[in-house]
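Structural overview for review
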Amino acid sequence: MASFLIVIISVVLSLFIVWICGDWRKRRTGEPPLVSGLPFIGVTLDYARDPLGLIRDTRKKYGDVFTCKIVRKYFTFITDPFSFSLVVRQSKNLDFQKFAMGFSQRVFGHADFTSPVFSGSYREVHSIFRQTLQGPPLQELAQSMLGNLQAVLGRGLSREHGWVEEGLQNFTNRIMFEAGFLTLFGRDAGLLRSDGVKCGKTCMQKAAQDFLVFDRAFPALAAGVPIGLCMPAWRAREALAEELLHDELHRRNCISDLIQRRMDAFDRMHLDETGKARTHVCMLWASQANTLPAAFWSLYYTLRSAEALAAARSEVHRVLSGQALNDPDRPVSLSREQLDSMTVLESIIEEALRLSSASIMIRVAKDNFTLTLDSGETVAIRKGDFIALYPQLIHLDPDIYPDPTEFKYNRFLDERGERKSNFFKNGRRLKHFLVPFGSGVSECPGRFFAVNEIKEFLTLVLWFYDLELDDINTDLVPDGTRAGLGILPPPRDVLLKYRRRTETAG
Ligand code: HEM
């Protein structure tokens with residue numbers, strides 16, 4: 001019996017050793033320094049704990065380019081901001097779709113659009129983003145969002161004039177989720193649903209709740225946990241998909257061009273109904289997951305700084321002077337020129353994005369190739385490896401942004417109060433100094449709409465309300481546990497007091 005056990009243990013041990021050896025990778029000539037970390041998991045634990053800290057420490061040790069093993073994958077980090085454009089332009093050797101589509105398919109459960117059955121028509125679907133979120137259609141979306149924001153705010157405004165207390169995050173999520181949802185997916189036509197349930201405010205609250213449950217599970221899903229093991233997230237995703245079935249969407253009015261055209265395209269692709277609805281959940285997530293925390297931080301930092309609040313209010317009053325404050329028959333209007341002229345709000349939003357954004361840009365090497373960096377140095381990249389850019393390194397670099405962790409509302413304004421776009425490192429002007437929306441082929445197509453939405457939100461809440469944070473002395477720091485996924489949320493909510501303004505200020 002004992003000898004049988006010894007044989008079994010030896011076999012298991014040998015297999016284990018063979019597995020470790022097979023997992024071990026040797027650095028080849030010309031390749032960047034390799035940080036292997038622990039067997040199998042590499043530096044996954046350090047990365048999960050503090051990605052920015054890990055990248056900064058490794059850069060100090062090994063220089064601007066190095067390869068780390070994270071969750072059994074090899075990531076080559078390019079940390080020199082001047083080499084950023086060189087990576088972004090490498091679409092011949094680096095693939096974005098492969099990683100993004102695999103990830104999206106796994107998390108949202110939609111079809112594999114890279115499959116030859118779909119890829120031609122999916123390219124057409126992809127082109128809808130730019131055709132409907134940018135250029136002239138952007139104006140229409142911004143107007144629709146403005147109307148929806150006022151409709152949502154209007155419900156709260158009908159209360160009496162005393163102070164109301166609510167968590168700032170709750171306040172922001174509640175208003176922005178509903179207005180953003182209505183802008184893209186249209187308004188309920190007021191009909192009863194097929195199951196006899198009357199939909200409206202309650203459905204919206206349920207959708208917002210489902211969205212937050214699903215979104216909270218995102219770090220686990222991104223780390224590779226199958227959604228089947230996160231039942232609340234799976235249930236929430238499927239409940240959202242049910243709301244976004246084409247049969248439900250056909251009952252809604254004022255659907256955005258973006259969603260209408262995606263519906264038409266998916267109908268032509270003959271996806272099954274649940275598959276179509278899951279692509280709409282994906283779009284809902286893309287449109288809200290970053291916008292909600294970005295709106296939170298923009299308002300939070302404004303309310304914490306007397307200087308920022310005064311400058312923002314003064315800009316809002318300049319633009320809206322002469323408009324009625326509390327007349328439901330005369331809603332606030334904002335032309336494109338007026339929105340564009342609000343440089344103080346834009347600087348506040350950009351500064352909030354700089355402080356809270358922690359996305360990672362990933363490309364997959366299509367083949368072995370040599371990447372030439374800005375310094376002229378060359379590095380060999382291995383087929384199948386991930387190339388990663390981490391914009392937070394730029395956003396929090398003290399050479400580029402003095403006092404990088406401090407909120408300065410006018411950081412993106414020049415002496416004349418106009419947009420500032422000249423930022424330097426080592427005396428050289430940077431092309432990529434603020435990258436919360438990614439860059440190159442994967443650059444967020446909704447970036448102009450996102451900034452407009454937040455501008456409109458800030459304008460309206462500063463116009464309609466007096467707002468105060470309960471405790472302005474506690475410094476909230478963005479919650480790093482979602483690093484890599486975009487805009488970091490606050491670690492907790494903070495109490496907001498607000499009341500309806502009664503007179504038009506100067
Ligand atoms: C503050 C708000 C937002 C931020 C910070 C943000 C950020 C980003 C980033 C970093 C990416 C690229 C991801 C990558 O490189 O893998 C992205 C992609 C995307 N975003 Fe946004 N986004 C925001 C708002 C929006 C909005 C409002 C919409 C639509 C209404 C939107 C639609 C999309 C879409 C469709 C993609 C995928 C593009 C593609 O596959 O080529 N985003 N976003």
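Treat the numbers as computed from the prediction; the structure is a model and nothing was measured.

This paragraph deals with the packing of helix α8 (residues 168-185) against helix α15 (residues 291-304). Direction vectors running N to C along α8 and α15 enclose 130°, while the axes themselves pass 9 Å from each other. In terms of axis orientation, α8 runs oblique to α15. In terms of crossing hand, the pair formed by α8 and α15 is right-handed. Residues Leu168, Gln169, Thr172, Asn173, Met176, Phe177 and Gly180 of α8 lie in contact with α15, whose contacting residues are Thr291, Leu292, Ala295, Phe296, Leu299 and Tyr300. Counted by class, the contact of α8 with α15 contains 8 nonpolar, 5 polar and no charged residues.

Right, let's get into the site of the ligand. Close contacts around the ligand come from 21 residues, with Asn290, Gly438, Ser442, Cys444 and Gly446 the closest. Breaking the shell around the ligand down by element, the ones donating at least two residues are α6 (119-133), α14 (273-288), α15, α20 (447-464) and β16 (485-487). Along the lines of polarity and charge, the residues of the shell around the ligand split into 13 nonpolar, 8 polar and no charged.

Next up on the list: the pairing of strand β11 (residues 378-381). The side-chain alternation of β11 yields one buried face, formed by Val379 and Ile381, and one unburied face, formed by Thr378 and Ala380. Relative to β11, strand β10 (residues 369-372) is paired through 4 bridges, and the arrangement is antiparallel. Paired with Thr370 across the two strands is Ala380, which belongs to β11. From the end of β10 to the start of β11, which pair antiparallel, there are 5 residues, and Gly376 there has a positive phi angle of about 95°.

Right, let's get into the nonpolar core. Leu240, Ala312, Ile348 and Phe457 are the most contacted members of the largest nonpolar core, which has 75 residues in total. Counting 29 residues, the second-largest nonpolar core is a separate cluster that includes Leu54, Ile78, Phe84 and Val88.

Before going further, it helps to spend a moment on the environment of Arg500. On the secondary structure map, Arg500 appears in strand β17 (residues 495-500). Once the C-alpha coordinates of Arg500 and Pro445 are considered, the two residues, 55 residues apart in sequence, prove to be 35 Å apart.

On to the UniProt feature "binding site: substrate" (unreviewed entry) in the protein chain. The UniProt feature table records "binding site: substrate" (unreviewed entry) at Arg106 and Asn290. Within the secondary structure, Arg106 sits in helix α5 (residues 97-108). On the basis of neighbour count, Arg106 is assigned to the partly exposed category, with 15 C-beta atoms found within 10 Å. Inspection of the secondary structure puts Asn290 in the loop between α14 and α15. Discounting residues that sit within four places of it in the chain, Asn290 has contacts with Gly486 and Ile487.

Glancing now at the UniProt feature "binding site: heme" (unreviewed entry) in the protein chain. UniProt records the feature "binding site: heme" (unreviewed entry) for Cys444 in the present numbering. Structurally, the position occupied by Cys444 is in the loop between β14 (428-429) and α20. Ignoring any residue separated from it by four or fewer positions in sequence, one finds Cys444 in contact with Phe437 and Gly438.

Sheet strands pair via backbone hydrogen bonds, and the direction of the pair is either parallel or antiparallel. Spatially, the 6 strands line up as an open sheet ordered β1-β2-β3-β12-β9-β4, and their pairing is mixed. The two strands at the open ends of the sheet, each matched to only one other strand, are β1 (34-35) and β4 (94-95). With 3 bridges joining them, strand β3 (residues 73-78) and strand β12 (residues 386-389) adopt parallel strand pairing. Considered in β12, the bridge of Phe77 is made with Ala388.

Each value, and the rule that gives it
Residues numbered from 1 in each chain as written. Predicted model: local features only at pLDDT ≥ 70, side-chain atom pairs only at ≥ 80, totals over all residues. Axes fitted to C-alpha atoms, helices over the stretch in contact; angles between N-to-C directions. Helix = DSSP H or I, 4+ residues; strand = E, 2+ residues; numbered from the N terminus. Parallel < 35°, antiparallel > 145°, perpendicular 65-115°, else oblique. Left-handed = near helix turned anticlockwise from the far one by under 90°. Contact = placed C-beta atoms within 7 Å. Nonpolar A, V, L, I, M, F, W, Y, C, P; charged D, E, K, R; others polar. Near = placed C-beta within 6 Å. Buried ≥ 20, exposed ≤ 12 C-beta atoms within 10 Å, placed from the backbone. Pairing = 2+ DSSP bridges. Core = buried A, V, L, I, M, F, W, Y, C linked by C-beta atoms within 7 Å. UniProt positions renumbered as here; feature names shortened; annotations may be inferred.

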